[in-house]
Amino acid sequence: MATTDAETPPPAVRLSGLTYDYPDGRRALDGVSLEIAPGESTALVGPNGAGKSTLLLHLNGLLPGRRWSGRRSAPAVWIDGLDAAHDAVQVRRKVGLLFQDPDDQLFSTTVLEDVAFGPLNLGLAADEARRLALECLERVDLADAADRAPHRLSFGERKRVCLAGVLACRPSVLALDEPTANLDPRGRRRFLRLIASLAATKVIATHDLEMVLEVCPRTILLDAGRVVADGPSRRILDDETLLEAHGLERPLSLLIGRRDGSAS
Ligand SMILES: Nc1ncnc2c1ncn2[C@@H]1O[C@H](COP(=O)(O)OP(=O)(O)OP(=O)(O)O)[C@@H](O)[C@H]1O
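What counts as what
Residues numbered from 1 in each chain as written. Predicted model: local features only at pLDDT ≥ 70, side-chain atom pairs only at ≥ 80, totals over all residues. UniProt positions renumbered as here; feature names shortened; annotations may be inferred. Near = placed C-beta within 6 Å. Helix = DSSP H or I, 4+ residues; strand = E, 2+ residues; numbered from the N terminus. Pairing = 2+ DSSP bridges. Axes fitted to C-alpha atoms, helices over the stretch in contact; angles between N-to-C directions. Expected span 1.5 Å × (residues − 1). Buried ≥ 20, exposed ≤ 12 C-beta atoms within 10 Å, placed from the backbone. Contact = placed C-beta atoms within 7 Å. Parallel < 35°, antiparallel > 145°, perpendicular 65-115°, else oblique. Left-handed = near helix turned anticlockwise from the far one by under 90°. Nonpolar A, V, L, I, M, F, W, Y, C, P; charged D, E, K, R; others polar. Right-handed = clockwise from strand over helix to strand, strands pointing away.

The protein chain has the name ABC transporter ATP-binding protein in an unreviewed UniProt entry, where Paludisphaera mucosa is given as its organism. Here the protein chain is described in UniProt, under the heading Sequence similarities (unreviewed entry), as follows: "Belongs to the ABC transporter superfamily."

Draft legend 1. Highlighting the site of the ligand. If you check the shell around the ligand, you find 13 residues, and the closest are Tyr22, Ala28, Asn48, Ser53 and Thr54. Sort the elements by how many residues they give to the shell around the ligand and helix H1 (residues 52-59) lands first, with 3 residues.

Draft legend 2. The sheet that holds strand S7 (residues 82-83), seen in detail. Spatial ordering of the open sheet is given by S2-S1-S6-S7, a layout of 4 strands whose pairing is antiparallel. Edge strands, defined here as strands with exactly one partner in the open sheet, are strand S2 (27-36) and S7. With 6 bridges connecting them, strand S1 (residues 13-21) and S2 associate as antiparallel partners. From the neighbouring strand, Val13 faces S2, where its bridge partner is Ile36.

Draft legend 3. Inspection of the sheet that holds strand S8 (residues 95-98) at higher detail. Spatial strand order, S8-S9-S10-S3-S11-S12: 6 strands in an open sheet with mixed pairing. Where the open sheet ends on each side, the last strands, each with one partner, are S8 and strand S12 (226-232). The mean inter-strand angle of the sheet, taken between neighbouring strand axes irrespective of direction, is 15°. Pairing analysis gives 4 bridges linking strand S3 (residues 41-45) to strand S10 (residues 201-205), with the strands arranged parallel. Bridging from a neighbouring strand, Ser41 pairs with Lys202 of S10.

Draft legend 4. Fine view of the pairing of strand S11 (residues 218-223). Where S3 lies against S11, 4 bridges are found, and the strand directions are parallel. Looking at the pairing, Leu44 lines up with Ile220 of S11. In the sheet, S11 pairs with S12 via 6 bridges, with the strands oriented antiparallel. Paired with Leu221 across the strands is Ala229, a residue of S12.

Draft legend 5. Just helix H5 (residues 155-167), in detail. The terminal C-alpha atoms of H5, which comprises 13 residues, lie 18 Å apart, in line with the 18 Å expected from a rise of 1.5 Å per residue. Taking burial as the measure, the 13 residues of H5 include 10 buried ones, the bulk of the element. Restricting attention to buried positions, one finds in H5 the residues Arg158, Lys159, Arg160, Val161, Cys162, Leu163, Ala164, Gly165, Val166 and Leu167. For H5, the secondary structure elements touched by its buried residues are S8, helix H3 (111-121), helix H4 (126-139) and strand S9 (173-177).

Draft legend 6. Spotlight on the packing of H3 against H5. Two numbers describe how H3 lies on H5: the axes approach to 7 Å, and their chain directions differ by 30°. Between H3 and H5, the angle is such that the two are roughly parallel. The handedness of the crossing between H3 and H5 is right-handed. For the pair formed by H3 and H5, the contact residues are Val111, Asp114, Val115, Phe117 and Gly118 on the first element and Val161, Ala164 and Gly165 on the second. Split into classes, the residues belonging to the contact of H3 with H5 amount to 5 nonpolar, 2 polar and 1 charged.

Draft legend 7. View of the pairing of S9. S9 sits mainly inside the fold: 5 of its 5 residues count as buried. Pairing geometry for S8 and S9, over 4 bridges, is parallel. Residue pairing in the sheet places Leu98 in a bridge with Leu176 of S9. Chirality of the crossover, the property in question, places the unit of S9, helix H6 (residues 185-197) and S10 among those that are right-handed.

Shown next, in the form of structure tokens:
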């Protein structure tokens with residue numbers, strides 16, 4: 001169900017008044033509206049509990065969000081013009097979600113099986129799924145781990161296996177939850193290079209504000225489930241008053257004036 005005409009491509013992501021309460025009644029998102037253009041790289045930042053992960057879970061329909069329209073709920077999430085509630089299967093195919101914790105994502109006996117699971121599930125033949133899985137493992141420098149058990153890999157390796165699994169489904173939107181958390185400096189750099197090289201639309205929830213300056217021209221600041229700022233990363237991350245008001249600190253490179261403003 002497209003929401004715009006054929007000449008104007010719809011936003012890759014559109015949220016309209018998205019509100020979500022967890023079953024225990026805790027409100028995690030409170031009237032979030034935003035649009036992200038195809039190919040854009042956008043950071044979601046904010047203090048712990050701001051609603052970043054909850055927002056990412058909505059992008060591929062893992063949680064049922066809503067928008068109030070009188071007494072009835074109405075669509076609130078669209079991906080490439082598709083209503084995430086109505087066209088859930090298609091939307092899940094479009095959005096690759098990288099979980100914060102790789103152990104929430106990995107479940108197969110071998111790395112190759114894990115990465116091939118998505119393509120197989122999408123209906124690819126076994127040979128083709130295997131070929132694609134190996135290709136994606138090569139992209140994350142883990143082709144030689146194909147036959148290993150995921151739970152025997154290091155955290156950083158498991159995270160890369162998860163990314164390979166996401167890429168193997170060829171998503172048009174990548175929703176990445178804390179992609180650089182708990183990685184060592186070399187692993188972090190490697191992950192950053194890889195993320196920067198991907199053409200998909202990226203929505204990245206993170207506390208790594210240096211990464212935001214490198215990879216995301218745009219930043220959305222969430223607090224208590226609401227969007228409190230949305231604009232060029234360099235401007236938002238250099239605004240000490242704004243950041244302090246929401247429990248964040250200016251990234252070191254801006255504090256010491258080392259950043260040339262590449263993600264401005
Ligand atoms: N499964 C859950 N059940 C109940 N409440 C939850 C659940 N998951 C998250 N919450 C609550 O929803 C709110 C938003 O949480 P969320 O994990 O989306 O925040 P976040 O911005 O990703 O935080 P962090 O930076 O710590 O990862 C918080 O108040 C949190 O306690």
